[in-house]
Amino acid sequence: MSRYKSVETRYYEERERVYRGLANLDRRSFLKVSAAAAAAAATAGVLPPGSFSNVRVAHADGKADGFRFAYISDSHLYPEKKNDRFVRALLRAVEDINRLDPQPDFVFYGGDLAQLGRPEELDLGAKILAEVRAPVKMMVGEHDWYYDMGAKWKSLFGEPTYSWDHKGVHFVVLNSVIEEDFWTARNLTPEQRMGTVAGLDNGAQNPFTVGDAQIAWLKQDLAKVNRNTPLVVFSHSPLYKLYKKWNFWTDDAEKVQAVLAPYAKVTVIHGHTHQILTNRVGNIHFHGMLSTAWPWPYAPEGMPEYTIQMSRPDPFNPNDGCGDGRVQVHTDGLVDKIYDLWNRNPITVKKTYLSSGGKKDRPNPPSRPAY
């Protein structure tokens with residue numbers, strides 16, 4: 001074995017040394033730690049693996065168009081003293097995004113910031129995300145919600161359902177992890193309720209829904225939007241029915257799709273599934289987000305035909321299959337979804353792949369063997 005350490009090893013050793021005191025930081029001190037980590041990396045003569053400095057998304061003719069935003073999702077933070085690996089992964093994602101040049105118009109967080117929804121988990125996540133240079137938009141996940149039914153999350157980030165307009169595109173954020181009450185009749189404690197929802201495949205919970213109240217809100221929100229205006233909708237669970245046994249499923253997905261169907265260009269971007277996941281239902285394009293915590297395996301049935309599956313991540317490498325990413329929004333409102341995998345080459349799912357029904361610009365299949 002060579003006596004020289006790899007660039008990646010040196011970088012992470014230097015950053016680990018700097019971040020050991022994370023548990024005792026206040027918000028004001030955090031930026032100093034981040035700067036110290038960057039300085040340590042520079043002193044070691046390395047840049048972070050997965051750094052995307054000076055990367056611009058462009059057409060084949062080299063001319064960039066539209067705008068872009070970045071995303072981070074599914075960090076599943078425990079308190080730092082209990083599990084600091086997920087904390088370090090979220091820090092890595094923040095570093096990735098802050099090094100993008102040019103900076104994205106905004107950064108979207110795709111839900112499940114916390115693992116058990118405890119106030120200290122959400123406070124820690126909010127402190128880390130506060131250091132993202134670009135504006136941050138938040139979405140709630142089930143792990144953020146069911147300990148106290150969203151009370152702490154809303155105190156930090158506001159209401160989970162909202163919309164805004166940006167450069168000719170209408171954006172909508174939904175809370176798609178609403179479940180029918182299964183806990184009151186069983187007299188479950190908040191901890192038991194949260195543990196049941198976090199189990200996903202335990203068969204003891206109800207399917208996720210958007211719910212009639214939010215669907216009515218969505219209709220009202222979109223009533224003022226011209227049907228030729230591009231829509232980008234964010235939901236934590238996929239707004240279609242993928243695999244019910246894992247609750248990769250939204251029970252009233254067809255009702256939401258019916259509200260979106262009249263609009264000419266619709267993109268839905270979701271978290272929850274921790275993987276590259278691509279689908280199309282009618283005129284609606286669907287894209288999943290990567291997790292920073294761990295990759296989920298692909299469901300054994302019901303996989304969308306347009307999904308380009310990764311080979312199975314290396315079980316001996318906790319960062320394999322994880323990452324963050326970017327979304328290039330073109331002037332026509334359709335998107336290219338860029339998956340910036342930490343330990344693999346980036347994968348881009350172009351707008352033309354879905355709009356052509358898979359006939360154009362098919363992403364390259366994975367070249368790595370499954371483990």
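Please refer to the structure higher up on the page.
Residues numbered from 1 in each chain as written. Predicted model: local features only at pLDDT ≥ 70, side-chain atom pairs only at ≥ 80, totals over all residues. Heavy atoms only, no water.

Draft legend 1. Seen up close, unusual backbone geometry. Each neighbour pair has its own omega, and for aspartate 101 with proline 102 the value is 5 degrees, a cis peptide bond. With respect to the helices, strands and loops of the structure, proline 102 is situated in the loop between helix H3 (85-98) and strand E2 (107-109). The phi torsion at asparagine 247 lies on the positive side, around 55 degrees, for a residue other than glycine. Assignment of secondary structure puts asparagine 247 in the loop between strand E6 (231-235) and helix H9 (253-260). Asparagine 247 gets classed as buried once you look at its relative accessible area, which sits at 3%. (Helix = DSSP H or I, 4+ residues; strand = E, 2+ residues; numbered from the N terminus. Buried < 20%, exposed > 50% of the residue type's maximum accessible area, 1.4 Å probe, protein only.)

Draft legend 2. Region of the structure containing the pattern of salt bridges. Under the definition given, this model contains 9 salt bridges. Arginine 88 is the partner of aspartate 84 in a salt bridge, and the nearest nitrogen-oxygen pair spans 2.9 Å. Aspartate 84 sits in the partly exposed class, given a relative accessible area of 30%. A salt bridge links lysine 351 to aspartate 332, with the nearest nitrogen and oxygen atoms 2.8 Å apart. Note that lysine 351 is positioned in helix H10 (residues 351-355) and aspartate 332 in the loop between strand E10 (323-329) and strand E11 (335-341), a separation of 19 residues in sequence. Among the residues examined, lysine 351 registers a relative accessible area of 17% and is labelled buried. Note on aspartate 332: relative accessible area 27%, which makes it partly exposed. (Salt bridge = Lys/Arg side-chain N within 4 Å of Asp/Glu carboxyl O.)

Draft legend 3. Expanded view of the nonpolar core. The biggest cluster of nonpolar side chains holds 36 residues, and the ones touching the most others in it are Ile72, Leu90, Leu113 and Leu129. Residue assignment for this core shows that the elements contributing at least two residues are strand E1 (67-72), H3, E2, helix H4 (119-129) and helix H7 (190-199). With near-sequence residues (within four places) excluded, leucine 113 lies in contact with Ser75, His76, Leu77, Leu90, Leu122, Gly125, Ala126, Leu129, Met138, Asp144 and Phe157. (Core = buried A, V, L, I, M, F, W, Y, C linked by side-chain atoms within 4.5 Å. Contact = heavy atoms within 4.5 Å.)

Draft legend 4. Expanded view of the pairing of E1. Counted residue by residue, E1 has 6 buried out of 6 residues, so it is predominantly covered. Residues Phe67, Phe69 and Tyr71 of E1 are buried on one face, and the alternating residues Arg68, Ala70 and Ile72, pointing to the opposite face, are buried as well. Pairing of E1 with E10 involves 5 bridges; the strand directions are antiparallel. The residue of E10 that forms the bridge with phenylalanine 69 is valine 327. Pairing analysis gives 3 bridges linking E1 to E2, with the strands arranged parallel. Residue pairing in the sheet places tyrosine 71 in a bridge with phenylalanine 108 of E2. For the handedness criterion, the β-α-β arrangement of E1, H3 and E2 is classed as right-handed. (Pairing = 2+ DSSP bridges. Right-handed = clockwise from strand over helix to strand, strands pointing away.)

Fair warning: the whole summary comes from geometry, so function is off the table for now.
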